[in-house]
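# Fold and geometry: a report
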Amino acid sequence: MKPTRALTLVLGALLLAWVAQAAVGYWQVGRLEPVLNEETNLTVPPVPSGLAHTGARVFASEGCLECHSLSTRGPKDSADITRGWGQRRSVPRDYLFRDPAMLGLARIGPDLSNVGARMPEAEKLLQHIYDPQLLKKSSTCPPHPWLFTKTPSGPKVEPDALKVSPDGWHQLIPTYQAKALVAYLQSLNANYALPEAPLK
Amino acid sequence: MNRSTLPKGSTAALVLILGSTIWSLLGAGLSLFSNAQLLIPWLDRLIPAPWFNYGRLVPASQFLLSYGWLGSGLLGVLLILAPRFSGIAFRYGRLLFGGALLWQLAILGGFTQILLEGSSGLIGLPQTRFVSILLILSFLVLGTGLTRGLGRSWKSGPLLPRLYLLLGLLAFPLGLGSAEVLLRGTSAPGSVQLIAQLLWHSFHHHLWLAPLGLVLVFQLLPSLTGRAVSSLNLGLLAWSATALLGGWLGTVRASDGPIPSWMQSTGVVAGILMAFVAIANGLLIQNLTEGRWEEIRRNVALRFISVGAWSYACAYVLLAFLSLPWIRPVLTFTVAWSAFLEVFHYIFLGSVLTGSVYALLPVSREMGWPNSSALTWHFWSTTLGAAFVVASLILAGSFQGLALSDPGVPISTLASYLRPFLFVVVIAQVAWLVGQVAFTAVLFASLLRLFPAAAPMAVFRNPTVVRPVSVGHLHG
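Rules behind the numbers
Residues numbered from 1 in each chain as written. Chains lettered and ligands numbered in written order. Predicted model: local features only at pLDDT ≥ 70, side-chain atom pairs only at ≥ 80, totals over all residues. Helix = DSSP H or I, 4+ residues; strand = E, 2+ residues; numbered from the N terminus. Rg over C-alpha atoms; globule rule 2.2 N^0.38 Å. Buried ≥ 20, exposed ≤ 12 C-beta atoms within 10 Å, placed from the backbone. Contact = placed C-beta atoms within 7 Å. pLDDT = per-residue confidence, 0-100. Nonpolar A, V, L, I, M, F, W, Y, C, P; charged D, E, K, R; others polar. Axes fitted to C-alpha atoms, helices over the stretch in contact; angles between N-to-C directions. Parallel < 35°, antiparallel > 145°, perpendicular 65-115°, else oblique. Left-handed = near helix turned anticlockwise from the far one by under 90°. Core = buried A, V, L, I, M, F, W, Y, C linked by C-beta atoms within 7 Å. Expected span 1.5 Å × (residues − 1).

### Section: the overall build of chain A
Check the secondary structure of chain A and you find six helices and four strands. Counted from the first residue to the last, chain A has its helices and strands arranged as α-β-β-α-α-α-α-β-β-α. Compactness check: chain A gives a C-alpha radius of gyration of 21 Å against a globular reference of 16 Å for 200 residues, more than 25% above the reference. Each of the three principal axes of chain A carries a C-alpha extent, and together these read 80 × 50 × 30 Å. Across the 200 residues that make up chain A, the buried fraction comes to 46%.

And the structure:
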């Protein structure tokens, strides 16, 4: 084989993989737009808030993806939907406004693509982030105490302090990162119908 | 040793190989500890600090093993090998040395950043853009040096290693550069970002690391066994198929919704076809090693490279199995995929890299290896350790997949299914680490000439003369 032919073949193969996946992918799913939900008169998927956007970075930096995926699989009677991880399968349009868009390739813990619908209360999410064993003794999810400030409880209780105390005489104040992470988790709510993925 | 007699690029190769050895210990140590955290969740609470968290240790160890151990090590041994493909010596030794140092700096920077600030969450790109730029710059310097291996007429010298080298040299900068542009240089929509991540995942593993490993397999196995590749046409077919299919293998990791279904189907087809590519290369490897068992037993370099070469075939057969349409929905998101990466990284690339260091470092540094039982320990400990990790992960992944597919099984019990297998994984990882520590000790002792060399394994007799490989320069 001549060097020029080998070079052409390699460049052609690499280019084919890129063009076919990135360029055709862009053409196929990159131009998707939000759709109007006629019931709520709002567009879906919703644009996440700035706080949720920051929370996505916290989610990534804490390595939650090492155990949790962010994609519900169909069909309607699939294990994912029967478990209550979502009302429908995830589709490319769901990821339209996610930056960074994360997928997660492991499931040691539950899928989180719809955790905002399953667990909407901020207090519960914060408690889980601080120490998952507060809510479930058998949880193997690691605690994240560095996302909270521990201050002595006094006569004045901080309004955003957690309702649980690690020792009875300290209060736990969530940091900005913890609040952002909760906002991100709450934004993971795909309980809306899309033309290509109706609700069950 | 007189420094002036050393070939240019020898110091750069040494920096890359030593760096690779140190990163392997650190990366495998962190991987061991993170698995222990999964086994004993109490360990997570030992030090309440973000850098000690499971979610940071895992990407940090993967980064170290992939870019630090394998990337650095493969580039190091190729710097020794490349001038000998073509007979063209390196001209700018200091530039290569700078490139090698820059690569180590990028690894150190990436590792520190992941531990202190966390991963980016992007598949295959846990590091910051700055670290990626350092890696690309360093690779451009080292890769430009390595193009010397492609030089002169292709009619003389081996063809397959050159073709795989060409593939690996182009795939890394193109893949990483375009992934960076698409993921962090522009505001691509989220759905396109997912495709770009999986694409880089394919390039990284199947078009960069695997071809670099195959350069060593198809260069050193013929040199060490004294046989030529039996069918060049079959080799060319396998090479072309690797180039064509390799970029599609990442999409098989996404199951169902997030990316278009035709891409997933193409990934499935590519994954299954890779089994045939692996079998084709396996036939060539079989012909190279058949009847050489005594030599493989005696020569630790040949033993490592043979095990690595066979593991290449096993890795892709496993990938094809995981891609089967009725297996994929069950085993996606399970540790069975970690088993594939374990065979791929630790046994295929790790063994080929180690065998190449045993074979090529004496050429580059005018040194020999001690006739020490540490070499035997190294082989058995790392190979058996990695094999047990793979077997445990496949079993664990199967149970995990079945449990995930059954909605009646609570997700909270999943960890208890994995625990017995994780226990074996942790023990086996300790064994692997012990073997790698033995190798590191032997490597440093040999470089410092702490004991007499008694086990020559060099593939080239005269280290100072750069010339193409032929059967005439086989054994030291």
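Now that the structure has been shown, we can carry on.
### Quick notes on the overall build of chain B
When helices and strands are counted, chain B shows 14 helices and zero strands. Each helix (α) and strand (β) of chain B, taken in turn from the N terminus, gives the series α-α-α-α-α-α-α-α-α-α-α-α-α-α. Relative to the globule expectation of 23 Å for 476 residues, the C-alpha radius of gyration of chain B, 21 Å, shows essentially globular dimensions. Projected onto its principal axes, the C-alpha coordinates of chain B cover approximately 65 × 45 × 45 Å. Here chain B holds 476 residues, and the buried ones make up 60% of them. Of the contacts made within chain B by residues no fewer than 6 positions apart, 84% connect residues no fewer than 24 positions apart.

### Here's the deal with unusual backbone geometry
Put simply, Val44 of chain A and Pro45 of chain A share a cis peptide bond, and its omega is -5 degrees. Tracing the sequence through the fold places Pro45 of chain A in the loop between β2 (42–44) and α2 (50–61). Omega for the peptide link from Asp99 of chain A to Pro100 of chain A comes to 5 degrees, which places this bond in the cis form. Notably, Asn41 of chain A is not glycine yet its phi reads approximately 60 degrees, a positive angle. Position of Asn41 of chain A relative to the elements: it lies in the loop between β1 (35–37) and β2. The phi torsion at Phe333 of chain B lies on the positive side, around 70 degrees, for a residue other than glycine. Among the structural elements, Phe333 of chain B can be located in the loop between α11 (328–331) and α12 (336–365).

### Overview of the confidence of the model for chain A
Looking at chain A, the pLDDT average stands at 91 and 100% of residues meet or exceed 70. Mean pLDDT across the elements of chain A bottoms out in helix α1 (residues 3–30) of chain A (87) and peaks in helix α6 (residues 176–187) of chain A (97).

### Section: the interface of chain A and chain B
Of the residues lining the interface, 62 residues belong to chain A; the matching set on chain B comes to 66 residues. Elements supplying a minimum of two residues to the side of chain A that touches chain B: α1, α2 and α3 (79–82) of chain A. Of the residues contributing to the side of chain A that touches chain B, the split by class is 37 nonpolar, 15 polar and 10 charged.

### Overview of the environment of Leu32 of chain B
All names here are of chain B. Note that Leu32 resides in helix α1 (residues 10–39). Looking at Leu32, the number of C-beta atoms within 10 Å reads 20, which means it is buried. Here the alpha-carbon distance between Leu32 and Ser61, two residues 29 residues apart in the chain, equals 9.2 Å. Ignoring anything within four residues of it in the chain, the contact list for Leu32 reads Val426, Gln429, Val430 and Leu433.

### Some remarks on the packing of helix α5 (residues 122–130) of chain A against α6 of chain A
Residue and element names in this part refer to chain A. Here α5 crosses α6 at 120 degrees, and the two axes come no closer than 10 Å. When the axes of α5 and α6 are compared, the pair comes out oblique. Helix-helix and strand crossings are classified by hand; for α5 and α6 the assignment is right-handed. Counting all contacts with α5, which are made through Ala122, Leu125, Leu126 and Ile129, the residues of α6 involved are Ala178, Leu181, Val182 and Leu185. Split by residue class, the contact of α5 with α6 holds eight nonpolar, no polar and no charged.

### Here we look at the environment of Thr144 of chain B
Residue and element names in this part refer to chain B. Position of Thr144 relative to the elements: it lies in helix α4 (residues 129–146). For Thr144, a count of 14 C-beta atoms within 10 Å puts it in the partly exposed group. In sequence terms Thr144 and Leu96 are 48 residues apart; their C-alpha atoms lie 9.2 Å from each other.

### Regarding the nonpolar core
Residue and element names in this part refer to chain B. Formed by 207 residues in total, the largest nonpolar core has its most connected members in Leu79 and Ile305. For this core, the element with the most residues is helix α6 (residues 190–225), which contributes 21 residues. Residues within four places of Ile305 in sequence aside, it is in contact with Leu216, Val217, Leu220, Leu221, Leu224, Val352, Gly355 and Ser356.

### Some details on the confidence of the model for chain B
All names here are of chain B. Per-residue confidence for chain B gives a mean pLDDT of 89; residues scoring 70 or more make up 92%. This stretch, residues 460–476, has a pLDDT under 50; its non-local contacts, to residues over four places away or in other chains, come to 38 contacts. Interface confidence in the predicted complex, given as ipTM, is 0.93; pTM for the same model is 0.93.

### Points about the packing of α12 of chain B against helix α13 (residues 373–405) of chain B
All names here are of chain B. Running from N to C, α12 and α13 point in directions that differ by 165 degrees, and their axes come no closer than 7 Å. Here α12 lies roughly antiparallel to α13, going by the angle between them. Both α12 and α13 take part in a crossing whose hand is left-handed. Two secondary-structure elements touch here, α12 through Ala336, Ser338, Ala339, Glu342, Val343, Tyr346, Ile347 and Ser351 and α13 through Thr383, Ala386, Val389, Val390, Leu393, Ile394, Gly397, Ser398 and Gly401. In terms of residue class, the contact of α12 with α13 is built from 10 nonpolar, six polar and one charged.

### Let's talk about α2 of chain A
Across its 12 residues, α2 of chain A extends 17 Å between first and last C-alpha, which sits within 8% of the 16 Å expected from 1.5 Å per residue. Turning to α2 of chain A, its buried residues number three or more, namely Ala52, Gly55, Ala56, Val58, Phe59, Ala60 and Ser61 of chain A. Turning to α2 of chain A, the residues buried within the fold contact α6 of chain A together with α3 (93–117) of chain B. The positive-phi residue at the C-terminal boundary of α2 of chain A is Gly63 of chain A, with phi of around 75 degrees.

### A look at the environment of Ala280 of chain B
All names here are of chain B. By the secondary structure assignment, Ala280 is in helix α8 (residues 261–289). Accessibility expressed as a C-beta count within 10 Å gives 19 for Ala280, which makes it partly exposed. Along the backbone, Ala280 and Phe304 are 24 residues apart, and their C-alpha atoms lie at a distance of 21 Å.

### Description of helix α10 (residues 300–323) of chain B
With 24 residues, α10 of chain B ought to run about 34 Å at 1.5 Å a step, and its terminal C-alpha atoms sit 34 Å apart, in line with that. Burial within α10 of chain B is extensive, with 20 of its 24 residues counted as buried.

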